[in-house]
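# Observations on chain architecture
What follows is each chain in one-letter form.
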Amino acid sequence: MATAAAKYHRWLTSLALPHLGDHPIEVGSGFGDYAQQWLDDGVPAVTVGDIEPTRLAHLRERFDADERVEVLPLDLFAPPRREHSALVSFNVLEHIDDHVGALAAAHRLLRPGGRVVTFVPAFEFALGHFDRQVGHIRRYTKATLRETYEQAGLVVDKIHYVNAPGLFAWTVGVRMLRMTPGDGALLRVWDAVVVPTARAIERRVRPPFGQSVFAVGHVPATAGVPAQPDADGRAAT
């Protein structure tokens, strides 16, 4: 789908691209824009998944003629056994109450050593009306996202903040002034001027904060799915 934030979209897809391997599976694929960009960048095959029927129907329509794409009705809490090279979730975990259980699906969806690539909104103080309106349960820090990975039995390889100026814009505009993000003249200017500058700087220097957190981890070669807690919150044995 067309967007006024084309440079921002390109920035995000480029972050994930080196970690995708030969056949990633994307969860919460929405309209399939990220997947399409990765295919355009040379990823040989992509499986896209969603649990929402309308979006799943759109994905099937969009990719029906593309033999490189498999569309899968994917429930992370009842995942099939697969052998994908990577599991990708962009702006998904913040919607899920049991985010540890969602990430643990990687143990069934990926081959040993497969990558888990995640992009989520950052910092609880930026959580506002719009977040709740679109179903965000939480926002993350590097520490809390790392903890989520580790509780899911995954090894974190890299984790860093993304888009430092975006955190200020989001906190003031969306959190404090209760503005609604959307395409428009202001977004086009931001995308044309601020995003390329931030991307160039953050390629050389990782900022101590950002609008989002980006993480890459992997499934250990000998790991199993972490034990699920029982009713008292203790790990079942």
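To keep things clear, this report deals only with the structure shown in the data block. Source: prediction; values computed, not measured. (Residues numbered from 1 in each chain as written. Predicted model: local features only at pLDDT ≥ 70, side-chain atom pairs only at ≥ 80, totals over all residues. Heavy atoms only, no water.)

With that out of the way, let us pick up the side chain of H19. The topology assignment puts H19 in the loop between α1 (6–16) and β1 (24–27). Residue classification places H19 among the buried residues on the basis of a relative accessible area of 17%. Residues contacting H19, with those up to four places away along its chain left out, are A86, R115, V117, K158, F214 and V216. (Helix = DSSP H or I, 4+ residues; strand = E, 2+ residues; numbered from the N terminus. Buried < 20%, exposed > 50% of the residue type's maximum accessible area, 1.4 Å probe, protein only. Contact = heavy atoms within 4.5 Å.)

When you line up the elements, L74 lands in the loop between β3 (69–73) and β4 (84–90). You can call L74 buried: its relative accessible area is 6%. For the pair formed by L74 and I25, sequence separation is 49 residues and the distance between their alpha carbons is 10.0 Å. In contact with L74, other than residues within four places in its own chain, are I25, V27, G49, D50, I51, P80 and L109.

To continue, consider the packing of helix α8 (residues 164–176) against helix α9 (residues 185–204). At a closest axis distance of 8 Å, the pairing of α8 and α9 adopts a crossing angle of 135°. Considering their axes alone, α8 and α9 lie oblique with respect to each other. For the pair formed by α8 and α9, the contact residues are A164, P165, G166 and A169 on the first element and W190, V194, A198 and E202 on the second. Of the residues in the contact of α8 with α9, the class split is 6 nonpolar, 1 polar and 1 charged. (Axes fitted to C-alpha atoms, helices over the stretch in contact; angles between N-to-C directions. Parallel < 35°, antiparallel > 145°, perpendicular 65-115°, else oblique. Nonpolar A, V, L, I, M, F, W, Y, C, P; charged D, E, K, R; others polar.)

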